[in-house]
Amino acid sequence: MAGYSGRGVHGQTVEAIAHRVISGRIGEGDTLDLAALQDELGVSLTALRESLKVLAAKGMVDARQKRGTFVRPRSDWHFLDADVLRWQFESAEGPAAGAGDPLLRDLGEVRGIVEPAAVRLAAERRTDADLAALDEALDAMARASEVGDEAVDADLAFHRALLAASHNEMLERMEMVIATGLAFRDRLVHASGHRPQNPVPSHGAVLDAVRAQEPDEAEAAMRALLEQSARDLDKLRGTRGGRRTR
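Treat the numbers as computed from the prediction; the structure is a model and nothing was measured.

A.B. asks: Just to check I follow, could you spell out the overall build of the chain for this structure?
C.D. replies: Regarding its fold elements, the chain presents 12 helices and 2 strands. The order of helices and strands in the chain, counted from the N terminus, is α-α-α-β-β-α-α-α-α-α-α-α-α-α. In the chain, which comprises 246 residues, the share counted as buried stands at 46%. Relative to all contacts within the chain whose residues are 6 or more apart in sequence, the contacts with residues 24 or more apart total 68%. Total accessible area computed for the chain in this model is approximately 12,300 Å², and 50% of it derives from carbon and sulfur atoms.

See the structure below:
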């Protein structure tokens with residue numbers, strides 16, 4: 001999931017323009033004022049044009065003679081691109097707003113469809129190498145602080161390893177979507193000061209069922225894990241019911 005943040009002037013320029021587009025500061029159909037952007041960002045016209053090529057490749061902008069460079073409709077954006085997803089999650093305006101973001105709702109629905117199905121396949125197809133990767137991720141989860149990047153990284157490693165254990169290449173590619181959103185969700189919960197329930201037992205139950213090659217139990221354990229994830233977000237929002245975000 002290569003990103004552009006921290007990659008020098010080029011990366012910073014891509015990020016800056018992307019956030020302006022996603023936040024609506026530069027709206028759909030708007031023509032970009034390249035001279036003003038060049039001034040505002042303090043970059044050369046060449047660097048600006050190179051950055052716009054990146055966004056064009058992601059479906060976010062386009063250029064036409066006599067019209068110039070303009071923002072394409074959101075429906076044209078390459079929504080499953082890791083950077084486009086990350087930029088949209090980053091557009092949340094703080095923990096309370098982020099918790100109710102429609103993207104998190106969508107993420108919950110996608111996880112509810114993909115991960116229970118993937119874990120059934122993992123229970124049937126897992127190899128010793130898959131189990132070793134899952135064990136390593138669970139051990140890292142147990143060692144990690146309840147908050148912080150170590151906990152987030154361990155959680156992502158576990159879910160990536162589960163998708164890989166399905167041995168279905170298309171499901172494995174869903175890692176890009178799930179990991180990008182899951183990283184945002186985890187950091188949102190941890191940054192809020194809310195202490196989520198210890199994740200090791202729920203993830204361990206999934207792993208035990210996968211190890212035992214019990215697809216029904218693995219699916220049930222995964223659904224229970226997703227329900228706990230929903231409850232963590234509910235607490236963050238301060239809600240008690242209604243439609244939940246997994």
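A.B. asks: Looking at this structure, how should I read the pattern of salt bridges?
C.D. replies: Side chains that carry opposite charge are capable of pairing whenever their charged atoms lie near each other. The final tally for this structure, using the stated rule, is 18 salt bridges. Put simply, glutamate 90 and arginine 86 hold a salt bridge, and the shortest N to O gap is 3.2 Å. Of this pair, glutamate 90 and arginine 86 both sit in helix α4 (residues 82-90), separated by 4 residues, roughly a single helical turn. Here glutamate 90 falls in the partly exposed class, since its relative accessible area comes to 38%. Each of Glu15, Lys58, Asp81, Asp83, Arg86 and Glu90 takes part in a single network of salt bridges with overlapping partners.

Thresholds applied
Residues numbered from 1 in each chain as written. Predicted model: local features only at pLDDT ≥ 70, side-chain atom pairs only at ≥ 80, totals over all residues. Heavy atoms only, no water. Helix = DSSP H or I, 4+ residues; strand = E, 2+ residues; numbered from the N terminus. Buried < 20%, exposed > 50% of the residue type's maximum accessible area, 1.4 Å probe, protein only. Contact = heavy atoms within 4.5 Å. Areas by Shrake-Rupley, 256 points an atom, 1.4 Å probe, with all protein chains shown as cover. Salt bridge = Lys/Arg side-chain N within 4 Å of Asp/Glu carboxyl O.

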